[in-house]
Amino acid sequence: MGAELIATTATKKVYRDGDKAIKVFNEDFPKAEVLNEALITARVEETGGIKVPKVLEVSVFEGKWSITYEFIEGKTLKQLMDENPEKLPEYMDLMVDLHLNIMSKQCPLLNKLKDKMIRQIGDIDELTDSIRYDMHTRLDGMPKHTKLCHGDFNPSNIIVKDDQTMYVLDWVHATQGNASADVARTYLLFCLQDQKKADMYIDVFCRKTGTAKKYVQSWLPIVATAQLSKKRPEEAELLHRWANVFEYQ
Ligand SMILES: Nc1ncnc2c1ncn2[C@@H]1O[C@H](COP(=O)(O)OP(=O)(O)O)[C@@H](O)[C@H]1O
Ligand SMILES: [Mg+2]
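If you're wondering where the values come from, they're calculated on a predicted model, not measured in any experiment.

## Some words on the coordination of the magnesium ion (ligand 2)
1) Next: Of the protein atoms, only Asn157 (OD1) and Asp170 (OD) coordinate the magnesium ion (ligand 2), at distances of 2.1 to 2.2 Å. Of this pair, asparagine 157 sits in the loop between β7 (147–149) and β8 (158–160) while aspartate 170 sits in the loop between β9 (166–168) and β10 (175–177), and the two are 13 residues apart along the sequence.
2) Next: The buried category is assigned to asparagine 157, whose relative accessible area is 5%.
3) Next: The class of aspartate 170 is partly exposed, set by a relative accessible area of 24%.

See the structure below:
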């Protein structure tokens, strides 16, 4: 492959080959998850009104599955935030607008966020039955919506082209559900990196939408608990702290 390596994670590598971005998954990566990512992305693509890299091909080579996407030329919003800290308020504003555009869409064939969270909460061995029960009760009490939720909306999944148009990548966690849960997740993802950015994000979102901050915050214990199912040691302490907040409310 005459391709340039652009990103590496524990489970995959991303290459650029001309106008294509090729995500090559490790040999032991479940093919169902690869096909799921391609399917979800295709569904979002069909929804229209959101700029996403198109899925061009799914293939397997020497035992490794890959998804070929349209390559989007530009910098990630994360890079831009790191390079131009003085522009942070402007970037946060754009990021919230982009999130609002996603939430304004419906994608009825995606899984329900609530079902996914129930599954995730069930997958965490270290939770006691009473915490698990409390989480389910809490989740049941939350308003049910069917808004498109990205599931991993953070600046490394946004590419800004030179003409300032913004593309959203990495739709594998997308579901339909309550948009405030998706905002709470973005808040948590920021918290894991930088509390100041997290606060800016939630503030801008709440101001623009007239949402009470307490309402978004009421999702945090549930979202943090669900995130624990990813079993990332570096996130454990903070997530446990958030997950336990509900006991004192
Ligand atoms: N279609 C694409 N166009 C340009 N860059 C891409 C594209 N897909 C992925 N990348 C780059 O690779 C990185 C990782 O890809 P991503 O889909 O976010 O996977 P993950 O975060 O799960 O590793 C992105 O942050 C981006 O820099
Ligand atoms: Mg990503």
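Still more ground to cover, so stick around.
## Some points on the pairing of strand β4 (residues 55–61)
1) Next: Alignment of β4 against strand β5 (residues 64–70), held across 6 bridges, turns out to be antiparallel. Bridge pairing links glutamate 57 to threonine 68 in β5.
2) Next: Taken together, β4 and the strand that follows it, β5, pair antiparallel across an intervening segment of 2 residues, in which glutamate 62 is found at a positive phi of about 50°.

## Quick notes on the side chain of asparagine 178
1) Next: Within the secondary structure, asparagine 178 is located in the loop between β10 and α6 (179–191).
2) Next: With near-sequence residues (within four places) excluded, asparagine 178 lies in contact with Leu113, Pro143, His145, Cys149, Tyr215 and Trp219.

## Considerations on the packing of helix α4 (residues 113–122) against helix α5 (residues 129–140)
1) Next: Taken N-terminus to C-terminus, the directions of α4 and α5 make an angle of 175°; their axes are 10 Å apart at the nearest point. Taken as axis vectors, α4 and α5 run roughly antiparallel relative to one another. Each of Lys114, Met117, Ile118, Ile121 and Gly122 in α4 lies in contact with α5, whose residues at this interface are Arg132, Met135, His136, Leu139 and Asp140.
2) Next: Tallied by class, residues from the contact of α4 with α5 come to 5 nonpolar, 2 polar and 3 charged.

## Remarks on the nonpolar core
1) Next: In this structure, Trp171 and Trp219 are the most contacted members of the largest nonpolar core, which totals 60 residues.
2) Next: Both domains that meet at this core, namely domain 1 (4–70) and domain 2 (75–248), each give it at least three residues.
3) Next: If near-sequence neighbours (up to four positions away) are discounted, tryptophan 171 is found in contact with Ile40, Thr41, Val44, Ile50, Val52, Ile102, Leu148 and His150.
4) Next: In this structure, Ala21, Phe25, Phe29 and Ile67 belong to the second largest nonpolar core, which totals 8 residues.

## A closer look at the site of ligand 1
1) Next: Around ligand 1 sit 17 residues in total, of which Lys23, Glu70, Ser156, Asn157 and Asp170 are the nearest.
2) Next: Taking glutamate 70, its main chain carries an N or O atom lying 2.9 Å from a nitrogen atom of ligand 1.
3) Next: Between ligand 1 and the protein, one listed contact pairs a nitrogen atom with a backbone N or O atom of isoleucine 72 at 2.9 Å.
4) Next: For ligand 1, whose free accessible area comes to 540 Å², the fraction covered by protein is 82%.
5) Next: When contributions to the shell around ligand 1 are tallied by element, the ones reaching two or more residues are β2 (12–17), β3 (20–25) and β5.
6) Next: Its residues assigned to classes, the shell around ligand 1 shows 9 nonpolar, 4 polar and 4 charged.
7) Next: Residues from two domains meet in the shell around ligand 1; each of domain 1 (4–70) and domain 2 (75–248) gives at least three.

## Brief notes about the environment of lysine 208
1) Next: Turning to its location among the elements, lysine 208 is positioned in helix α7 (residues 195–209).
2) Next: Residues lysine 208 and aspartate 93, 115 residues apart in the sequence, show an inter-C-alpha distance of 9.2 Å.
3) Next: Look past the residues within four positions of lysine 208 in its chain and what remains in contact with it is Asp93, Val96, Asp97 and Leu100.

## Here we look at helix α9 (residues 220–228)
1) Next: Among the 9 residues in α9, 9 count as buried, and that is most of the element.
2) Next: If you check which residues of α9 are buried, you get Leu220, Pro221, Ile222, Val223, Ala224, Thr225, Ala226, Gln227 and Leu228.
3) Next: Lining the buried residues of α9 we find α4, α5, α6, α8 (213–217) and α10 (233–244).

## A closer look at the side chain of asparagine 154
1) Next: Here asparagine 154 is to be found in the loop between β7 and β8.
2) Next: Look at asparagine 154 and you get buried, because its relative accessible area is 14%.
3) Next: Ignoring any residue separated from it by four or fewer positions in sequence, one finds asparagine 154 in contact with Met95 and Leu189.

## Let's talk about the domain arrangement of the protein chain
Bring the parts together and some accessible area is lost; that lost area is often taken as the interface size.
1) Next: Here the domain parsing of the protein chain yields domain 1 (4–70) and domain 2 (75–248).
2) Next: Of the residues lining the interface, 13 residues belong to domain 1; the matching set on domain 2 comes to 17 residues.
3) Next: Of the roughly 1,300 Å² buried between domain 1 and domain 2, counting both surfaces, carbon and sulfur atoms make up 71%.
4) Next: In this structure, the connection of domain 1 to domain 2 is made through 1 salt bridge.
5) Next: Our enumeration of links across domain 1 and domain 2 arrives at 2 residue pairs in polar contact (both at pLDDT 80 or more).
6) Next: Considering each element in turn, the side of domain 1 that touches domain 2 owes the most residues, 6 residues, to helix α1 (residues 31–47).
7) Next: Considered class by class, the residues forming the side of domain 1 that touches domain 2 number 5 nonpolar, 4 polar and 4 charged.

Definitions and limits used
- Residues numbered from 1 in each chain as written.
- Chains lettered and ligands numbered in written order.
- Predicted model: local features only at pLDDT ≥ 70, side-chain atom pairs only at ≥ 80, totals over all residues.
- Heavy atoms only, no water.
- Donors = N, O, S within 2.8 Å, 3.2 Å for Na, K, Ca; no water.
- Helix = DSSP H or I, 4+ residues; strand = E, 2+ residues; numbered from the N terminus.
- Buried < 20%, exposed > 50% of the residue type's maximum accessible area, 1.4 Å probe, protein only.
- Pairing = 2+ DSSP bridges.
- Contact = heavy atoms within 4.5 Å.
- Axes fitted to C-alpha atoms, helices over the stretch in contact; angles between N-to-C directions.
- Parallel < 35°, antiparallel > 145°, perpendicular 65-115°, else oblique.
- Nonpolar A, V, L, I, M, F, W, Y, C, P; charged D, E, K, R; others polar.
- Core = buried A, V, L, I, M, F, W, Y, C linked by side-chain atoms within 4.5 Å.
- Domains from an automatic or database assignment.
- Near = heavy atom within 4 Å.
- Polar contact = N/O pair within 3.5 Å; in protein donor to acceptor, adjacent residues only side chain to side chain.
- Areas by Shrake-Rupley, 256 points an atom, 1.4 Å probe, with all protein chains shown as cover.
- Buried area = accessible area lost by both parts, 1.4 Å probe.
- Salt bridge = Lys/Arg side-chain N within 4 Å of Asp/Glu carboxyl O.

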